[in-house]
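The primary structure of each chain is shown beneath.
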Amino acid sequence: MNKLLYGVAYYDEYMPYERLSTDIEMMKAAGINLIRIAESTWSTHEPQNGVFDFSSVDRVLDAMHEAGIHVIVGTPTYAIPTWMVKEHPDVLAETPDGPGRYGARQIMDITHPSYLFYSERIIRKLISRVCDHPAVIGYQVDNETKHYRTSGPNVQLQFVKHMREQFGTVEQLNEAYGLDYWSNRINSWEDFPSVVGTINGSLGAAFAKFQRKLVTDFLAWQTAIVNEYKRPGQFVTHNFDFEWRGYSFGVQPDVDHYEAAKALDIAGVDIYHPSQDDLTGKEISFGGDSTRSLKGSNYFVLETQAQAFPNWTPYPGQLRLQAFSHLASGANMVEYWHWHSIHNSFETYWKGLLSHDMGPNPTYDEAKTIGRDFARLSDKLVNLKKKNRAAVLVSNEALTSLDWFKLPGGEVRYNDIVRLVYDRLYEMNIGCDIVYPSSSDQFGSYDLIVVPALYTASDELLNALNEYVENGGHVVYTFKSGFSNEHIKVRPSAQPGLIEKACGITYSQFVEPGKVSLKGNPFDVKASDNNISVWMELLTPTTAEVLAWYEHPHWGRYAAITANRYGKGMATYIGCLPSEAVVRKVLEGAIREAGIWGVDQELQFPIIVKSGVNEQGNKVRYYFNYSEEPRSFVYPYGNGVELLTDREIPLGETIELERWGVVIVEEQ
Amino acid sequence: MNKLLYGVAYYDEYMPYERLSTDIEMMKAAGINLIRIAESTWSTHEPQNGVFDFSSVDRVLDAMHEAGIHVIVGTPTYAIPTWMVKEHPDVLAETPDGPGRYGARQIMDITHPSYLFYSERIIRKLISRVCDHPAVIGYQVDNETKHYRTSGPNVQLQFVKHMREQFGTVEQLNEAYGLDYWSNRINSWEDFPSVVGTINGSLGAAFAKFQRKLVTDFLAWQTAIVNEYKRPGQFVTHNFDFEWRGYSFGVQPDVDHYEAAKALDIAGVDIYHPSQDDLTGKEISFGGDSTRSLKGSNYFVLETQAQAFPNWTPYPGQLRLQAFSHLASGANMVEYWHWHSIHNSFETYWKGLLSHDMGPNPTYDEAKTIGRDFARLSDKLVNLKKKNRAAVLVSNEALTSLDWFKLPGGEVRYNDIVRLVYDRLYEMNIGCDIVYPSSSDQFGSYDLIVVPALYTASDELLNALNEYVENGGHVVYTFKSGFSNEHIKVRPSAQPGLIEKACGITYSQFVEPGKVSLKGNPFDVKASDNNISVWMELLTPTTAEVLAWYEHPHWGRYAAITANRYGKGMATYIGCLPSEAVVRKVLEGAIREAGIWGVDQELQFPIIVKSGVNEQGNKVRYYFNYSEEPRSFVYPYGNGVELLTDREIPLGETIELERWGVVIVEEQ
Amino acid sequence: MNKLLYGVAYYDEYMPYERLSTDIEMMKAAGINLIRIAESTWSTHEPQNGVFDFSSVDRVLDAMHEAGIHVIVGTPTYAIPTWMVKEHPDVLAETPDGPGRYGARQIMDITHPSYLFYSERIIRKLISRVCDHPAVIGYQVDNETKHYRTSGPNVQLQFVKHMREQFGTVEQLNEAYGLDYWSNRINSWEDFPSVVGTINGSLGAAFAKFQRKLVTDFLAWQTAIVNEYKRPGQFVTHNFDFEWRGYSFGVQPDVDHYEAAKALDIAGVDIYHPSQDDLTGKEISFGGDSTRSLKGSNYFVLETQAQAFPNWTPYPGQLRLQAFSHLASGANMVEYWHWHSIHNSFETYWKGLLSHDMGPNPTYDEAKTIGRDFARLSDKLVNLKKKNRAAVLVSNEALTSLDWFKLPGGEVRYNDIVRLVYDRLYEMNIGCDIVYPSSSDQFGSYDLIVVPALYTASDELLNALNEYVENGGHVVYTFKSGFSNEHIKVRPSAQPGLIEKACGITYSQFVEPGKVSLKGNPFDVKASDNNISVWMELLTPTTAEVLAWYEHPHWGRYAAITANRYGKGMATYIGCLPSEAVVRKVLEGAIREAGIWGVDQELQFPIIVKSGVNEQGNKVRYYFNYSEEPRSFVYPYGNGVELLTDREIPLGETIELERWGVVIVEEQ
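Residues numbered from 1 in each chain as written. Chains lettered and ligands numbered in written order. Predicted model: local features only at pLDDT ≥ 70, side-chain atom pairs only at ≥ 80, totals over all residues. Heavy atoms only, no water.

1. Comments concerning the relation of the copies chain A and chain B
- Expressed as a screw operation, the relation of chain A to chain B combines 0.0 Å of axial shift with a rotation of 120°, fitting to an RMSD of 0.0 Å. Viewed as a symmetry operation, the transformation between the two copies matches a three-fold axis. (Least-squares fit on C-alpha atoms with pLDDT ≥ 70 in both.)

This is the structure:
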């Protein structure tokens with residue numbers, strides 16, 4: 001599909017009365033050219049075991065085709081019918097909290113053969129029926145798949161076999177995971193206990209990784225089935241989601257997105273975020289960079305918010321700002337969840353583009369202007385290519401390990417540290433990619449890699465980062481990086497393990513700061529921003545330059561933040577949790593060292609700049625105003641055209657940005 | 001019983017040593033003329049299956065009769081004996097938390113045939129034994145009955161049958177409850193899952209209503225048995241209680257009082273409330289109005305606090321103030337729970353009239369003055385008739401539905417909104433009744449009906465309210481009213497559903513206020529009281545007059561509070577959660593419009609006025625001072641007599657009220 | 001062992017690589033002359049059922065003997081192997097939360113015959129193998145034993161038999177525990193329900209006491225087995241621990257230390273405490289006094305912190321301060337948990353003397369100076385004899401009863417009140433012992449006994465306290481004392497039960513203070529310190545002198561704190577929860593009355609004085625500076641020698657104490 005897609009999730013099955021033609025009329029008026037259907041309604045399509053009824057699918061496909069609206073068909077497997085649970089209660093996942101209860105979606109054991117049998121049957125029935133329909137442009141396998149904490153005896157058995165495959169002997173396993181401790185040794189594979197109650201972080205984290213693999217395997221299995229029916233030009237995607245803190249916050253703990261995306265044609269994602277006065281664009285940017293990086297190309301926003309919650313109902317202008325922000329990160333699709341607000345059940349107050357009264361409303365009216373602009377500018381804006389010089393390295397394993405070995409207080413978790421560094425790059429308009437432990441072959445294409453809290457890492461990974469620096473790369477590490485190996489065994493060597501070489505520091509003690517600040521306010525920030533919190537490593541520089549010392553009667557002789565030239569590059573190490581302001585300054589230093597600082601960095605949040613190259617080979621730059629006040633700036637690039645207004649923009653032109661405004665300049 | 005009853009719950013079985021004659025002597029000294037016995041001590045009366053021992057009942061009845069003290073005998077069914085649980089462990093209610101555990105009271109499945117068999121047997125044994133005893137004036141069936149969350153397979157089965165009776169077909173059910181959503185469809189009655197895990201609010205609320213029906217049925221069943229033995233002049237009552245927030249706060253979620261009271265002769269209730277500096281009389285008034293309204297006549301306060309908790313031990317004067325406040329609401333009985341403080345087990349710190357030392361104490365000494373006044377003034381104060389012009393409409397179903405669809409933050413719940421409006425009426429000395437969805441035939445007898453958060457309501461009910469306004473009535477609605485139908489399906493029409501006609505407004509969006517106030521402080525309140533919180537509907541007036549607009553950069557074009565003349569009446573709509581001060585002003589406006597404002601409204605809390613007509617046909621007015629400071633006021637009515645002091649009170653007399661004082665004037 | 005022991009827990013089994021000779025070398029350098037082994041590693045020593053492998057024990061014993069380091073061998077029974085759980089899943093304790101899950105230590109049913117069988121077998125195998133080894137100086141039975149809430153059917157059955165033995169008939173039981181209440185009567189022993197769900201505090205507390213007896217019995221059973229092998233000169237000890245609030249806070253709820261210690265030769269303990277800016281020495285002192293009092297002699301600190309947590313890593317000097325503080329309380333051993341920081345599993349961040357890098361670090365370096373001084377001064381400091389004139393009476397039963405009948409708010413618990421009084425004595429340098437209800441024969445040896453919140457007590461105990469006062473003793477009671485009998489039945493007499501005689505007061509009402517202070521600030525403290533909180537009894541003096549009245553409009557006529565001469569002694573009663581400052585003043589008054597006030601009391605925290613008599617019969621005085629600032633004081637005793645510096649100290653000499661400093665003066 002070589003065009004911008006503007007879509008909604010559509011549930012004909014949920015309608016309180018016959019609406020199809022009215023809905024299509026209103027969709028057309030709003031420029032909607034795509035819908036997604038079928039992913040939640042298994043019990044409607046298979047009302048009894050082996051009895052199928054796809055009439056709502058058929059009629060929607062036909063009507064949409066007639067209206068020129070494309071359709072993505074989802075496999076309906078993430079919410080199971082009542083009859084299945086009544087016949088086979090054990091399809092419900094047994095979790096650490098006990099056996100499952102019917103009611104919600106996403107409650108089954110995704111490894112259970114009964115569930116897999118019924119899933120395969122409905123997938124084949126549905127996809128074989130729709131694959132030749134001209135409205136269908138692609139498929140979504142399942143939805144927001146996770147492992148749902150499945151951990152009953154059958155899963156434990158698979159895990160034991162997985163462990164045996166990995167370690168060969170119990171001796172190896174005991175050694176790697178330190179199971180002598182508290183008499184946890186497993187001296188015979190038959191003695192392997194359920195790990196649900198384990199207090200061993202190495203074992204617990206290995207199980208969490210195994211559970212993520214269940215998701216990867218499940219999605220690959222579904223995709224392989226759908227691929228049997230997929231027609232040329234059709235795609236398979238999946239709707240990934242992020243760690244949920246009331247919105248899409250950070251790295252998904254339960255899925256290895258990078259591995260799971262390999263089976264797919266196109267990466268898809270849902271991105272939800274605070275709005276109204278709290279709209280910053282950070283989640284749109286983080287979610288976009290993460291998803292674009294999965295397959296190194298454009299992606300689909302399969303779900304994002306229209307009206308949503310009472311505290312998210314957008315202010316005038318915000319829906320537009322959001323839509324173009326997605327495009328600016330490389331999305332080729334913006335699709336709302338969902339078309340109409342639902343009148344019963346759980347998500348009644350998660351409102352769609354239409355309110356419950358199903359008529360026009362201010363949010364719908366604003367969507368109409370987006371649909372119009374998407375259609376008009378599709379050629380210019382679709383398939384934006386981005387080439388970033390900075391990257392952030394994230395790791396599911398580091399996340400899990402820091403959940404096992406929490407920072408003091410337990411409130412600052414892995415994703416807080418990820419967002420602490422990512423958000424500062426965003427605010428400084430540093431475009432960046434996301435890289436993973438398993439994509440270390442890509443490190444060389446960046447000038448700067450930021451590595452938050454890489455608590456667990458193999459020797460190979462740490463050596464790769466050392467080599468990257470040696471060869472001229474720039475790395476900024478935070479505290480906790482390098483501390484333990486891939487089995488979350490703390491390295492019994494000098495810390496930070498292996499990377500002490502590139503960082504030029506060492507430490508063996510770490511404490512919790514009470515009232516500790518950085519000596520002499522070295523980054524010239526507000527006094528309160530000069531304090532540190534939660535964690536401090538007592539660093540001793542070997543070859544590093546000290547950027548900041550601790551201010552403390554006893555710990556004052558230790559370093560807090562250092563930078564070290566190593567080979568042709570430089571490694572910066574942040575040994576404590578500083579304020580956002582200090583992190584920004586440290587990153588700014590590394591950015592300048594890496595030679596990335598440019599004119600876009602003269603602008604700062606709330607003015608956000610995103611850019612890429614379009615299919616015509618022209619540079620396209622988006623300027624966003626993420627604030628309630630109008631802003632202006634001087635355009636610093638070659639002559640261009642503002643695409644929304646079709647106005648010429650010469651170098652040096654002062655551009656006005658309305659509150660929550662957007663401007664798009666194509667350099668000619 | 002044509003006299004005031006002053007009583008205590010009495011547990012001869014709990015006494016640490018032989019006390020009966022001493023207790024009676026002390027009761028007589030305090031004017032106690034009633035006790036309640038037997039409702040908690042099944043295991044004493046039936047120590048083994050089928051072995052009965054009513055000796056403690058017999059001796060207490062005989063001794064009380066000799067002393068001229070009346071007795072209410074309670075059926076002992078709300079706390080089951082150990083032998084029953086040992087023989088039939090499944091009489092314990094299975095709840096969403098799992099099977100029950102023996103220990104507390106109120107833990108059984110009130111539908112279980114074993115429990116019902118044993119209950120019926122002990123009821124018949126006990127009541128047949130005591131019914132001819134001259135001490136016995138009536139019976140209490142069970143105590144504070146609820147459904148105890150019973151929801152095991154047998155209850156689920158009953159519920160499925162109940163659903164089939166209500167809907168006939170699964171198609172109707174699926175449609176009404178929106179079960180297509182998340183694959184929750186039930187395509188065959190056999191597939192009906194336990195609703196314990198449901199995420200469907202319509203279904204969940206239907207089950208909650210079904211559970212309330214279990215209570216209604218259970219109480220009717222017990223009452224029918226007792227009625228077989230009841231002698232002329234004897235009554236059957238029940239001890240209802242309220243939503244418990246550490247005290248009697250609001251509408252009881254688990255019982256439909258209005259329905260359950262139908263089987264009874266007289267409505268009874270327990271009312272517990274904050275005391276000491278926090279004593280306001282609000283719970284006494286709310287509990288009294290609620291209970292009086294159940295059968296439209298005088299009621300019993302079967303339990304209220306004597307010393308109770310360390311933070312409730314009354315200040316001097318408060319016990320009197322409380323006792324007369326109950327009478328002023330229409331109670332014919334004030335009975336303390338309980339006579340003596342308990343020396344073991346759970347309620348050791350819920351102290352009775354006597355402390356643990358069983359001797360006189362300041363609270364007991366004050367009770368003596370109450371008993372004396374009750375006896376002396378019984379003819380003047382008993383059977384007070386009240387005719388109120390205002391009412392508050394409350395709904396169990398609205399309560400449940402707002403627990404399923406919580407307001408943002410989850411802290412403001414249905415009863416908070418009920419109390420927000422009720423307490424303002426109380427403070428303004430507006431006497432009011434409580435009306436229910438099923439008592440809509442009574443609406444016409446009021447000049448003003450206040451309707452808090454009627455989130456779920458049938459078309460019939462909303463039409464009745466529209467008609468009421470059209471015919472000259474005044475309604476004040478709060479936000480959320482009318483939003484969903486009786487199945488908690490959001491109305492797919494303009495909001496507020498159906499009542500938009502009478503209210504003259506419409507809306508399709510609602511948001512969570514950040515820092516929003518009312519434009520221009522239209523009610524002239526303190527700045528902080530002009531802010532709103534939690535919820536705001538973006539109202540557009542059609543025919544309504546706008547009483548307040550929102551102050552907000554984006555939502556400022558929407559109305560917050562409106563009033564609309566419709567037919568001969570007026571409907572006021574509060575579209576947000578304002579401060580108490582603003583609610584008071586809005587209600588004051590409606591009260592004046594309705595023509596209810598009078599001289600009693602010139603007094604305000606902490607001076608409280610309550611009135612009625614006594615058996616002599618005279619107006620009796622109670623004046624209470626709910627404060628730590630003495631107060632005075634000018635008596636604005638015709639010549640009367642202050643009954644406590646037997647002093648003449650001419651029109652215009654200045655009456656002094658001591659701190660926590662009470663004055664009762666009978667107009668001659 | 002007539003010398004000071006300086007030790008570490010040592011886990012050869014946990015080492016990430018071969019370390020034994022390096023470790024011994026580093027231990028010797030630090031003066032370590034003792035290690036403890038084997039208590040956590042059953043699964044290493046018995047890898048399969050009946051297969052034993054003590055090679056790591058053997059090699060460590062041989063190597064340590066060669067190095068002259070003593071060894072305590074622990075029985076490995078507190079952490080069970082995987083094979084045992086796989087073979088006999090029911091060895092896991094069933095608790096009120098359900099069946100157990102394998103994973104942690106301390107999860108078994110210590111009454112289960114399978115567990116006991118395997119335990120006995122490995123104890124005999126291990127101890128018989130090591131008992132003749134010259135490195136072995138003693139044994140630790142199990143570790144931090146508790147009952148782990150075991151309460152399944154087998155334990156319930158034992159409890160029923162225990163109840164029958166105690167009460168003989170169900171009638172006695174029902175009477176004692178007030179089981180008529182809420183139909184809880186047990187009319188036949190067969191009907192006895194599991195008490196897991198009981199709401200009867202008398203019954204619940206009896207079960208808690210029974211569970212403590214399980215621990216006593218278990219430790220006696222293990223000790224008897226080990227005693228069969230024990231050689232002359234060897235000892236058996238156990239590692240007791242305290243109520244854990246993130247550190248060793250107070251009386252252990254789950255173990256009756258006094259009873260459990262009877263089987264042992266020497267009492268051992270672990271003491272963990274806040275550090276860095278929060279280091280006060282209070283827990284060292286409380287833990288030491290408690291443990292020394294168990295057998296009335298010197299004791300072992302079997303575990304205390306080295307680096308431990310990030311917020312405990314000691315400041316320079318603190319490790320020394322802590323070590324000598326233990327000696328000053330009468331310890332003959334200071335042993336760190338543990339030698340090396342662990343690289344995997346649960347306690348990775350509970351660091352030992354060595355960091356994870358296993359090299360020297362600042363904490364280890366400070367340990368070297370301690371080891372050197374311990375060795376040099378062993379003759380002078382070992383076996384310090386202490387004779388205290390004050391004692392604090394603590395009671396497991398009072399603790400449990402106040403958990404059943406919580407103070408308002410639930411935050412102030414029994415141990416808070418214990419520490420409220422103990423810590424004030426500590427701050428005033430009043431050396432004290434701990435006495436128990438069952439050691440009332442020792443009361444007479446003290447001039448002052450402080451009795452915090454003795455909520456439950458037999459007549460015998462209260463009479464003993466009355467007699468103690470009558471005979472010239474001084475008692476300071478807090479509120480709640482004497483209120484209930486040994487069955488936690490509230491005494492149906494005047495309060496405070498029985499001790500009202502000695503205290504000369506009575507009360508029958510108690511309330512929760514809002515803003516109540518003490519009238520006229522009688523103790524001349526800061527205004528905020530003159531407020532009371534949580535609890536106030538409305539005391540009426542009979543013969544007592546009133547030390548403080550309440551300031552309150554209604555309660556002002558009641559006394560708050562009183563003192564009463566009774567016989568030759570005096571009883572002080574604190575009827576409310578005052579500030580620390582007021583408690584200090586009240587205690588100071590009693591101390592002066594008791595004739596204990598002396599020159600040590602002229603110094604106050606943060607300067608702490610502890611003293612005793614050494615084996616040479618000389619008085620040894622420790623002076624500690626528990627603060628960040630240097631301090632000085634004038635030495636008020638006869639000529640002595642400062643032992644750490646070997647400097648002479650004449651009477652009147654000004655002694656300087658460094659921050660966190662220690663000085664030890666032996667009077668000649």
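And the narrative resumes.
2. Observations regarding unusual backbone geometry
Residue and element names in this part refer to chain A.
- A cis amide bond links Gln495 to the next residue, Pro496, at an omega of -10°.
- In this structure, Pro496 sits in the loop between β14 (474-478) and α16 (500-503).
- Residues Phe605 and Pro606 are joined by a peptide bond in cis, for which omega reads 10°.
- For Pro606, the location among the structural elements is in the loop between α17 (580-593) and β24 (607-613).
- The backbone phi angle of Leu498 is positive, close to 65°, even though this residue is not glycine.
- In this structure, Leu498 sits in the loop between β14 and α16. (Helix = DSSP H or I, 4+ residues; strand = E, 2+ residues; numbered from the N terminus.)

3. Side note on the packing of aromatic side chains
- Inspection of every chain in the model, using the stated rule, returns 142 aromatic pairs over all chains.
- Taken together, a centroid distance of 6.1 Å and an interplanar angle of 45° make the contact between Tyr349 of chain B and Phe405 of chain C tilted. Note that Tyr349 of chain B is positioned in the loop between β10 (331-337) and α12 (362-381) and Phe405 of chain C in the loop between α13 (396-404) and α14 (414-427), a pairing that runs across two chains.
- Each member of the aromatic cluster is reached from another via a ring pair, and the members are Tyr349 of chain A together with Phe405, Tyr455, Phe483, Tyr507, Phe510 and Trp535 of chain B.
- Across from the ring centre of Phe286 of chain A, 6.0 Å away, lies the NZ or CZ of Arg419 of chain A, which sits over that ring. (Phe/Tyr/Trp six-rings, centres within 6.5 Å; stacked < 30°, edge-to-face > 60°. Lys NZ or Arg CZ within 6 Å of the ring centre and 35° of its normal.)

4. A closer look at the interface of chain A and chain B
- On the chain B side, the residues contacting the 49 residues of chain A number 52 residues.
- Inspection of the chain A/chain B interface yields 0 salt bridges.
- Our count for the contact surface shared by chain A and chain B stands at 28 residue pairs in polar contact (both at pLDDT 80 or more).
- Broken down by secondary-structure element, the contributors of at least two residues to the side of chain A that touches chain B are α2 (42-45), α4 (82-87) and α12 (362-381) of chain A. (Contact = heavy atoms within 4.5 Å. Salt bridge = Lys/Arg side-chain N within 4 Å of Asp/Glu carboxyl O. Polar contact = N/O pair within 3.5 Å; in protein donor to acceptor, adjacent residues only side chain to side chain.)

5. Considerations on the pattern of salt bridges
- What the rule picks out here adds up to 123 salt bridges over all chains.
- Salt-bridge contacts for Arg292 of chain A lead to Asp433 of chain A; the nearest nitrogen and oxygen are separated by 2.8 Å. With Arg292 of chain A in helix α10 (residues 282-295) and Asp433 of chain A in strand β12 (residues 432-435), the pair connects residues that are 141 residues apart, well separated along the chain. Each of the two residues, Arg292 of chain A as well as Asp433 of chain A, counts as buried.
- With its nearest N and O atoms 3.0 Å apart, the salt bridge here joins Arg149 of chain B to Asp97 of chain B. Placement of Arg149 of chain B in the loop between β4 (136-140) and α6 (153-167) and of Asp97 of chain B in the loop between α4 (82-87) and α5 (113-130) is noted, with a sequence separation of 52 residues between them. (Buried < 20%, exposed > 50% of the residue type's maximum accessible area, 1.4 Å probe, protein only.)

6. Let's talk about the side chain of Ser43 of chain C
- Looking at where Ser43 of chain C falls in the secondary structure, it is placed in helix α2 (residues 42-45).
- A polar side-chain atom of Ser43 of chain C sits 3.3 Å from the main-chain amide nitrogen of Arg185 of chain A.
- When neighbours within four sequence positions are excluded, Ser43 of chain C is seen to be in contact with Ser183, Asn184, Arg185 and Asn187 of chain A together with Pro81 of chain C.

7. Some thoughts on the sheet that holds strand β9 (residues 299-305) of chain B
Residues and elements named next belong to chain B.
- With parallel pairing, 8 strands are arranged side by side around a closed barrel as β1-β2-β3-β4-β5-β8-β9-β10. Neighbour-to-neighbour, the strand axes of the sheet open up by a mean angle of 25°, direction not taken into account.
- In this structure, strand β3 (residues 70-74) lies alongside β4, joined through 4 bridges in parallel fashion. Residue pairing in the sheet places Val73 in a bridge with Tyr139 of β4.
- Taken strand by strand, helix α3 (residues 55-67) contacts β2 (34-37), β3 and β4, and its axis lies near 175° from that of β2.
- Lying over the sheet, helix α10 (residues 282-295) contacts β5 (235-240), β8 (266-271) and β9, oriented at roughly 165° with respect to β8. (Pairing = 2+ DSSP bridges. Axes fitted to C-alpha atoms, helices over the stretch in contact; angles between N-to-C directions.)

No statement about biological role is implied by the geometric values presented.
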